[in-house]
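Listed below, chain by chain, are the residues.
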Amino acid sequence: MYRTVRQIDSATNLLSLFFPNFFTRVRLPETSVEGRAVYALQIRAGGGGARRAVFIAGGTHARELMNPDAIIELAIDLVMSYSNGTDIRYGAKTFTADEVKLILEAMDIWLLPCVNPDGRNYVMTVDDMWRKNRRDNPGTSCDGVDLNRNADVVWGVAQGQTSCSPCAEVYCGPSAFSEPEGRNVKYVLDTAQVVSFVDVHSYSELILYPWGHAPTQSTDPTQRFTGLPTGTCTASIPTGYAEYMPPSDVRRFQTVAHRIVDDIAAVRGRHYTPETSLTLYPTTGTQGDYAYARHIANPGLQKTYGFTFETGPSLSDARESFHPADPTLVKRDAKAAMLALLQQSVCAIELIGIRLFGASSSFDALRTVRDNLLASTAAGREWIALFERAQFVLLSAVTRDAKLLKAAGDLLQQIAPSVGTADAMFAEADAQRASALLKKLRAKVKIPALQRDMEVVGQRINQLGGRSMQQVIESLMRHKPSQRKSGTVKKAAAPAIRRR
Amino acid sequence: MASRRTKTQTTQAPTVRFEATLGATPYAKAIIAAAALDLDRLPDSKGKVKLLVSADDARRLLEQGFEVHLTAAVPVAPLAQNLVMSDAQATNWLEQQVKGIRRKGGR
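Remember, predicted model here, so these are calculated numbers, not experimental data. (Residues numbered from 1 in each chain as written. Chains lettered and ligands numbered in written order. Predicted model: local features only at pLDDT ≥ 70, side-chain atom pairs only at ≥ 80, totals over all residues. Heavy atoms only, no water.)

Novice: I would appreciate a short explanation of the nonpolar core in the present structure.
Specialist: When a protein is soluble and globular, its nonpolar side chains tend to lie buried together. Residues A:Phe55, A:Ile56, A:Leu78, A:Phe307 and A:Phe309 are the most contacted members of the largest nonpolar core, which totals 136 residues. What A:Phe307 contacts, discounting residues up to four positions off in sequence, is A:Phe197, A:Val198, A:Asp199, A:Ile207, A:Leu208, A:Tyr209, A:Phe253, A:Val256, A:Ala257, A:Gly288 and A:Leu341. In this structure, B:Ala30, B:Leu37, B:Leu39 and B:Leu51 belong to the second largest nonpolar core, which totals 14 residues. (Core = buried A, V, L, I, M, F, W, Y, C linked by side-chain atoms within 4.5 Å. Buried < 20%, exposed > 50% of the residue type's maximum accessible area, 1.4 Å probe, protein only. Contact = heavy atoms within 4.5 Å.)

Right, here's the structure in full:
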């Protein structure tokens, strides 16, 4: 069964009335083409000021009915878990209450369950295979703009599954962001500090990430969409053109997509495929690509990792694929996917910063080292992967124990600011404190694989104490976690003044 | 780019469409044709070029030399009413889900 637009609006309204400390219902600035109000739901728990955000949108394509319902149900699952301290179980996949708590206290979650309310209403009252919004296209009897071709990224280049013909199901509209429904998506991206965005579609069981207009390459940074001729409906992508993406971002998209795929598979064994949007078919003006493209077009903007999910299997009957008679199982997979994305968007170190110091800016140096140095070598990337693998479990353990949390916070505050400083030292005393902390954490973590990871980290910490920070970072960039460090890195003489 | 269909062609809204696949055609040629004719392409797990077409679309494809397999009729109709939640069902479901959680007003 599927909710009507009015029922979706009612659900967001009731949730914000029942649980105002948890949900804030936000009326977005634009009404739909037919004049409907469009609402987003902001979710957060705990205190603090501005936070990183994850933005989940659904219902962009009208006939893909399952996802707006799944988003509403996810909101309810989150509040139930947080309020009752209960795990969320989707089939055989469990998200623990601690994990949900961390997500909600670390980030703002923006849900826009129904981007295209006019289209959904039309599906329920006139044509159940309607895809676009309900724009009246002047000079033609064909209605509607495809909201997932109308965003301002390579807009107006008609190729593959994008068209400048108003009668096409993939009509890109008369100009970029000509449609109020799409401008609402842009508004949330402009307003919140969105680090991850997903536009949830159906169907095909795919986890898509940029780019959709051209193959992705990481060798020629001069090949950027900002230099392409666009916006005219006559231009095309030059033959042989491939869009640049930094290797660290390629890796990030792939890593997150694979983890989402793994979590979906854990529910009931459905195998989603992670791939670039282009692999499905060429597109321009999609919301997922736009979300990621924003910081490239305007370097002053927050970088947002933009995804598109295609939930549900491809069945022999298109109607049953778009809106199955019983969508329960597909919605469960979709909710696991959304929750996995939320989980992958939490930064453990940042959360400790927020918890203890009310801010995370002092940890920017750590993030810079991770993204610019460690991510540039195979060994460094393995260390990042190890950290990301372990961070959620460790963070849960740390935040349950006030003494451990304080010890971790003190250590991070001591070390983090000096990490990017050339002559700073990783003092023996700090190494000993880190080892002691790890030992306590290892005792609390009952997962053997994680205990082995922590043992590896502990050994490396012991080896690197007393070296300069620069040597520590170089060592991590050269030697994988699984590799014994060679004795080439020698202890440096401590500088006269330690920089903090 | 102007609309490829004239107003007279689309004035009569179709009452039925068809799920169709393009056969005996190289895949690359078929997807280019589907895009060029602004047809509604549907995902297909078997890797076929699957489309939702009107009778007029099917005719255009045939005129261009494609072999068109119509696999199902899809009448233009609203979502089956048994798939739409009633307002009471929606409210009851929500109430049931959040039962027992302390809410504003003490309920």
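Novice: Which parts of the structure should I look at to understand the packing of aromatic side chains?
Specialist: Residues and elements named next belong to chain A. Applying the stated rule across the entire model yields 16 aromatic pairs over all chains. Considering the side-chain rings of Phe22 and Phe23, the 4.9 Å spacing of their centres and the 85° angle between planes classify their relative orientation as edge-to-face. The pair formed by Phe22 and Phe23 is uniform in burial state, with each residue classed as buried. Here the aromatic cluster, defined as three or more aromatic residues joined through ring pairs, consists of Tyr209, Trp211, Phe225, Phe253, Tyr292, Tyr305 and Phe307. Its end group placed over the ring of Tyr39, Arg25 keeps NZ or CZ at 3.4 Å from the ring centre. (Phe/Tyr/Trp six-rings, centres within 6.5 Å; stacked < 30°, edge-to-face > 60°. Lys NZ or Arg CZ within 6 Å of the ring centre and 35° of its normal.)

Novice: Hey, could you run me through the environment of A:Tyr292 in this one?
Specialist: Residue and element names in this part refer to chain A. Mapped onto the elements, Tyr292 comes out in helix α8 (residues 287-297). Placed 97 residues apart in sequence, Tyr292 and Val195 show a C-alpha to C-alpha distance of 9.3 Å. With residues up to four places along the chain from it excluded, the contact list for Tyr292 reads Pro210, Trp211, Met245, Pro246, Asp249, Phe253, Lys303, Thr304 and Gly306. (Helix = DSSP H or I, 4+ residues; strand = E, 2+ residues; numbered from the N terminus.)

Novice: I keep staring at helix α4 (residues 117-125) of chain A and nothing clicks. Help me out?
Specialist: An α-helical turn contains 3.6 residues, so a residue and the one three or four places further along point in the same direction. For α4(A), the full list of buried residues reads A:Pro117, A:Asp118, A:Gly119, A:Arg120, A:Val123 and A:Met124. Summarising the contacts, the buried residues of α4(A) are in contact with α1 (5-18), α2 (66-84) and α5 (180-191) of chain A.

Novice: Help me understand the layout of surface pockets, please; the structure alone is not making it clear to me.
Specialist: If a probe as big as a water molecule is rolled over the atoms, it shows which places are left empty. Residue and element names in this part refer to chain A. Taken as a whole, the largest pocket spans an internal volume of roughly 1,200 Å³. Along its surface, the largest pocket is lined by 47 residues, and Arg52, Arg252, Gln344, Arg370 and Glu388 are the ones closest to its centre. Elements with a contribution of two residues or more to the lining of the largest pocket: β5 (93-95), β7 (193-202), α6 (247-268), α10 (328-344), α11 (348-357), α12 (364-373) and α13 (378-399). Split into classes, the residues belonging to the lining of the largest pocket amount to 13 nonpolar, 16 polar and 18 charged. (1 Å grid on protein atoms, 1.4 Å probe; cavity = no way out; pocket = protein on both sides within 12 Å on 5 of 7 lines; lining within 4 Å. Points joined across faces, edges and corners; volume = space filled by probe spheres on them. Nonpolar A, V, L, I, M, F, W, Y, C, P; charged D, E, K, R; others polar.)

Novice: Sorry if this is basic, but what is going on with the packing of α6(A) against α10(A) here?
Specialist: To describe two helices that pack against each other, one gives the angle between their axes and the distance between the axes. All names here are of chain A. The contact between α6 and α10 brings their axes to 9 Å, and the two run at 140°. Relative to α10, α6 is oriented oblique. Where α6 crosses over α10, the two elements pack in a sense that is right-handed. Contact residues: Arg252, Val256, Arg259, Ile260, Asp263, Ile264, Val267 and Arg268 in α6; Leu329, Val330, Arg332, Asp333, Ala336, Ala337, Ala340, Leu341, Gln343 and Gln344 in α10. In terms of residue class, the contact of α6 with α10 is made up of 10 nonpolar, 2 polar and 6 charged. (Axes fitted to C-alpha atoms, helices over the stretch in contact; angles between N-to-C directions. Parallel < 35°, antiparallel > 145°, perpendicular 65-115°, else oblique. Left-handed = near helix turned anticlockwise from the far one by under 90°.)

Novice: Help me out: how do you make sense of empty space enclosed by the protein in this one?
Specialist: Inspection of every chain in the model, using the stated rule, returns 4 cavities of 30 Å³ or more. In this structure, the largest cavity spans a volume of roughly 1,300 Å³. Contributions of two or more residues to the lining of the largest cavity are made by α11, α12, α13, α14 (402-415), α15 (428-444), α16 (448-464) and α17 (469-478) of chain A. Counting residues per element, the lining of the largest cavity draws most heavily on α13(A), at 9 residues. Counted by class, the lining of the largest cavity contains 35 nonpolar, 1 polar and 5 charged residues. In terms of lining, the second largest cavity is formed by 23 residues, of which the most central are A:Asn148, A:Arg149, A:Leu280, A:Tyr281 and A:Glu310. Only β7, β8 (206-209), α7 (277-280) and β12 (305-311) of chain A together with β2 (40-42) of chain B provide two or more residues apiece to the lining of the second largest cavity.

Novice: Quick question: what am I supposed to make of the pattern of salt bridges here?
Specialist: Opposite charge on two side chains permits pairing when their charged atoms draw close. All names here are of chain A. Under the defined criterion, the tally for this structure stands at 37 salt bridges over all chains. Between Asp69 and Arg120 there is a salt bridge; the shortest N-O distance is 2.8 Å. Of this pair, Asp69 sits in helix α2 while Arg120 sits in helix α4; the two residues are 51 residues apart in sequence, bridging distant segments of the chain. A salt bridge links Asp146 to Arg149, with the nearest nitrogen and oxygen atoms 4.0 Å apart. Judged on exposure class, the residue Asp146 and its partner Arg149 are both buried. The network of salt bridges with shared partners includes Arg3, Asp69, Glu73, Arg120 and Lys331. (Salt bridge = Lys/Arg side-chain N within 4 Å of Asp/Glu carboxyl O.)

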